[in-house]
Amino acid sequence: MLRLFRIIAALMVAIATLVAFTLLTMAGRTAVAASTTVTLTAVADTYISTASPNSNFGRAKTLAVSDSTLRALLRFNVTLPAGSSVTNITLRLYSNTSVSGSLVVHPASDSWSETTVTANNQPAWQTAELARSGLLRARQYASAALPTNAVTGSGNFNLGVDTTAGVQGSLDSREGAKRPQLVITYDSPSTPTPTPTPTPTSTATPTPTSTAPGSAPQNIRLDPAYTTDLEHTARFLWDPVPNATTYRHYINGVAVAGEDDTGASETVRNLQPATAYTFLVGAFVGGIEYKSAPFNFTTVGTSSTPTPTPTSTATPTPTPTSTAPGSAPKNIRLDPAYTTDLEHTARFLWDPVPNATIYRHYINGVAIAGEDDTSTGETVGNLQPANAYTFSVGAFIGGIEYKSAPFSFTTAGASPTPTPTSTATAPVVLSALETESFSGSGDISDDSAIWVDQNNPANSAVVADKKSSSGGGIGVFGMDGKLIHFRSDGMIGNVDLRTGFSLGGNSVVLVGANNRTNNTLALYTLNTATRTLTPVAARSIATFSPNYGFCLYRSSVSGKFYAFVTPYVSGNIQQFELFDNGAGLVDATLVRSIPINSITEGCVADDGLGHLYIAQEDVALWKYGAEPGTGSSRVSVDTAGGGRLVADIEGLSIEYGPSGTGRIFVSSQGDSTIALYDRAGNNAFLTKFSIGASGTVDAVTRTDGLDVTPLNAGPQFENGLLVVHDEENTGSTASNLKYIPLSSVPR
């Protein structure tokens, strides 16, 4: 035993001597750090509008940008080790709009404050161009590669953003869901390695592992509240990591491209049913990534084709020419079986490429983010009618991408009317007064419906929702903007009303809404003397879940009353017939369902002409037949990103005139304007306007719901009234409604 101890001791001395010698010979050598990539989120951002030169938009959830009248300012706080060498800078901004144009990035002064800067006090705009992004695509990040000398060290880094000519866009701000990002890659300075003190116990610091205390994300779990499409999607939660600057998400060991962010949750899509996956998340702390342990899960449903490997975030090898034999996709063609919405969508097919592991798709030379997959077909959306495009596809084989030749095509439909005059010269109208704000924060006072007392116009009222998950409901405001009555009935979405509904032998004012809390119809009568609401639904009338928008219709053909409910996600617009159940209450029966493939809220029905107008938020304003037997055929009145409407397309209302005349009011939320269309014929575009500040009443921003009447609504509104929602009500913690004399609205 003593001999064995001596042998072990001798070995330990030898190892210690070798370690000491190695460390001593390294003394004075240069240690070269690997490249480090950090993702910074904006510490301040806002936009300025020449149409509202005294308004500040620092609390807005979106950044409105155009080529001249709407410009964004962003500030990032950069911290780099002294002497670092920057090798790459990318600005990433999340777009809510699809337009045929790009973002233009400029340097900017640091002399502005997020909460006070306006068009009138902004620092001088710097016209030097740093970079341009690719084409803006809704629900995708637009990226612009900045010159590496743009960041010279630590401190505030400011940028200005506008667009190429004739383009208006809407971007998420730091108050939104997808915050602006600045991605910087740098090499740390080379430094001499100090001579360590020889010690037999010296060991190299290991690479951080998921067990590093306080660093790696812990408690990875599926979100129990997430129940949407569990066959193809999964949502994960984890405990926040102190001092983490960003998180990176992995499926089967491959990073999910474009999804690095700061939230302690992630929704992963494009999964296959009944398939096993592993999910893990890395937290970046001090520039080092600490990965969690893998979390195994299996999607629900019936097993299908094998799971493709997700696209890596690594930059692919440079693309060879498309002439590489047997590599580039061939026979690109339009799918002859695809006939849905050919004005805004196209579907392509191509011949399979042997050994291709994944395909990437391009419109006008720009890759479509998040759409890499293994299928030999691709559906491209967010296109404009009667526009020429080129489509191409790249096949990855052995890590190399082989691109097809471009395939040219033109979408169906009529060419859009030329873009109207920009909001810089468009009329600005003023509010006469504003309502009290509902308590809470954010987008609370959303939609409204006007009731006019034709015997005593000053007694008219505005019924409005309080779209809040806590303390939500429906209320009634007087013509002075004061709250008369309120019911705490849940998260009421959109409201509408009709006079002349027969209930219990009496003619009543019927008020309807969608209740997002329990996905039902909410039905009331308005007492015209007290201006209070009484619920009259015969039962809990279930709608599509989750519901989002609502409007009423009275048929001039049958005299029947109907309610339309729109969906939050792709699904069906539902049409219900409303009727007296014989006991003095209102019941309903579903009479029609109209499929629609993305988020839709605003709707309005034309009682006289029998039309139904639907605002598919980031796609188009559609016109359907309002009668239950008219099916799902539709025509496009206008499109998001076509020059007149900037997504989201939101509230809709009709100003009725004699003999089918009048105007349709449409909320263009992305640029805080109201667009007007002719009620008759093909709904020709007329003009657009914004609502500026007037005395103590602030300018209107991010309008959602609205309503209009040409009738006498009392003092100041003898020639009609327009009521609009103002999301960023200056001086308040919540949104409110503005009352505008209709006589001030341009014809």
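Look up: the structure comes first, before these words.
What comes next is a walk through the structure.

Thresholds, definitions, all that
- Residues numbered from 1 in each chain as written.
- Predicted model: local features only at pLDDT ≥ 70, side-chain atom pairs only at ≥ 80, totals over all residues.
- Heavy atoms only, no water.
- Pairing = 2+ DSSP bridges.
- Helix = DSSP H or I, 4+ residues; strand = E, 2+ residues; numbered from the N terminus.
- Axes fitted to C-alpha atoms, helices over the stretch in contact; angles between N-to-C directions.
- Buried < 20%, exposed > 50% of the residue type's maximum accessible area, 1.4 Å probe, protein only.
- Salt bridge = Lys/Arg side-chain N within 4 Å of Asp/Glu carboxyl O.
- Disulfide = S-S within 2.5 Å.
- Contact = heavy atoms within 4.5 Å.
- Phe/Tyr/Trp six-rings, centres within 6.5 Å; stacked < 30°, edge-to-face > 60°.
- Lys NZ or Arg CZ within 6 Å of the ring centre and 35° of its normal.

The next thing to look at is the sheet that holds strand 18 (residues 265–268). Across the sheet, which stays open at both edges, the 3 strands sit in the order 14-15-18 with antiparallel pairing between neighbours. Strand pairing shows two members of the sheet lacking a second neighbour, strand 14 (218–222) and strand 18, which therefore form its edges. Strand-to-strand twist across the sheet, computed as the mean angle between neighbouring axes with direction ignored, equals 20°. By the bridge criterion, 4 bridges tie strand 15 (residues 234–239) to strand 18 in an arrangement that is antiparallel.

Burial runs high along strand 40 (residues 547–554): 7 of the 8 residues are buried. Of the strand pairs in this sheet, strand 40 and strand 41 (residues 561–567) are connected by 7 bridges, and their pairing is antiparallel. Among the inter-strand pairings, Arg554 is bridged to a residue of strand 41, identified as Phe561. Adjacent in sequence and paired antiparallel, strand 40 and strand 41 are bridged by 6 residues, among which Gly559 carries a positive phi angle near 80°.

So, about the pattern of salt bridges. Summed over all chains, the structure comprises 25 salt bridges. Ionic pairing is found between Asp239 and Arg221, a salt bridge with its closest N-O pair at 3.4 Å. Taken as a pair, Asp239 in strand 15 and Arg221 in strand 14 lie far apart in primary sequence, 18 residues in all. By relative accessible area, which is 32% here, Asp239 ends up partly exposed. You can call Arg221 partly exposed: its relative accessible area is 30%. One salt bridge in this structure joins Asp223 and Arg235, with 3.3 Å as the shortest N-O distance. Of this pair, Asp223 sits in the loop between strand 14 and strand 15 while Arg235 sits in strand 15, and the two are 12 residues apart along the sequence. Assessed through its relative accessible area of 24%, Arg235 is described here as partly exposed. What emerges from the salt-bridge pattern is a single network uniting Glu434, Asp698, Asp726 and Lys738.

With that settled, the discussion passes to the sheet that holds strand 42 (residues 571–580). Strand order in the open sheet formed by 4 strands is 40-41-42-43, with antiparallel pairing between adjacent strands. Each of the sheet's edge strands pairs with one partner strand only, and the pair in question is strand 40 and strand 43 (586–596). Neighbour to neighbour, the strand axes of the sheet diverge by 20° on average, direction disregarded. Here strand 41 runs beside strand 42; their pairing, made up of 5 bridges, is antiparallel. Across the sheet, residue Val565 finds its bridge partner in strand 42, namely Gln574.

What follows concerns the state of the cysteines. Considering all chains together, one arrives at 1 disulfide under this definition. With its sulfur 2.3 Å from that of its partner, Cys551 forms a disulfide with Cys603. When the S-S torsion is -125°, as for the bridge of Cys551 with Cys603, the disulfide is left-handed. Of the two residues, Cys551 sits in strand 40 while Cys603 sits in strand 44 (residues 600–606), which places them 52 residues apart along the sequence.

So, on to the pairing of strand 36 (residues 492–503). Counting buried residues in strand 36 gives 9 out of 12 residues, a clear majority hidden from the surface. When strand 36 meets strand 37 (residues 506–515), the two strands line up antiparallel, connected through 8 bridges. If you follow Leu503 over to strand 37, its bridge partner there is Asn506.

With that out of the way, let us pick up the side chain of Thr435. One can find Thr435 in the loop between strand 31 (433–434) and strand 32 (448–451). When its relative accessible area of 5% is taken as the criterion, Thr435 is described as buried. Leave out the neighbours within four places in its chain, and Thr435 touches Phe477, Gly481, Asn736, Leu737 and Tyr739.

The subject of this paragraph is the environment of Ala356. Summarising the element assignment, Ala356 is placed in the loop between strand 23 (346–349) and strand 24 (358–363). Measuring from C-alpha to C-alpha, the distance between Ala356 and Tyr402 comes to 9.5 Å, with 46 residues separating the pair along the chain. Not counting residues within four places of it along the chain, the set of residues in contact with Ala356 comprises Ala395, Phe396 and Ile397.

The full count for this structure, using the stated rule, is 21 aromatic pairs. Considering the side-chain rings of Phe438 and Phe477, the 5.4 Å spacing of their centres and the 50° angle between planes classify their relative orientation as tilted. Of the two residues, Phe438 sits in the loop between strand 31 and strand 32 while Phe477 sits in strand 34 (residues 473–478), which places them 39 residues apart along the sequence. When sorted by exposure, Phe438 lands in the same class as Phe477, which is buried. Ring centres of Tyr553 and Tyr562 lie 6.0 Å apart, and the angle between their planes is 25°; on these two criteria the pair is classed as stacked. Look at Tyr553 and you get buried, because its relative accessible area is 1%. For Tyr562, a relative accessible area of 4% corresponds to the buried category. Here a set of aromatic residues connected by ring pairs shows up, and it is made of Phe236, Trp238, Tyr247, Tyr277, Phe279, Phe295 and Phe297. One residue, Lys291, lies across the ring of Tyr250, its end atom 4.3 Å from the ring centre.

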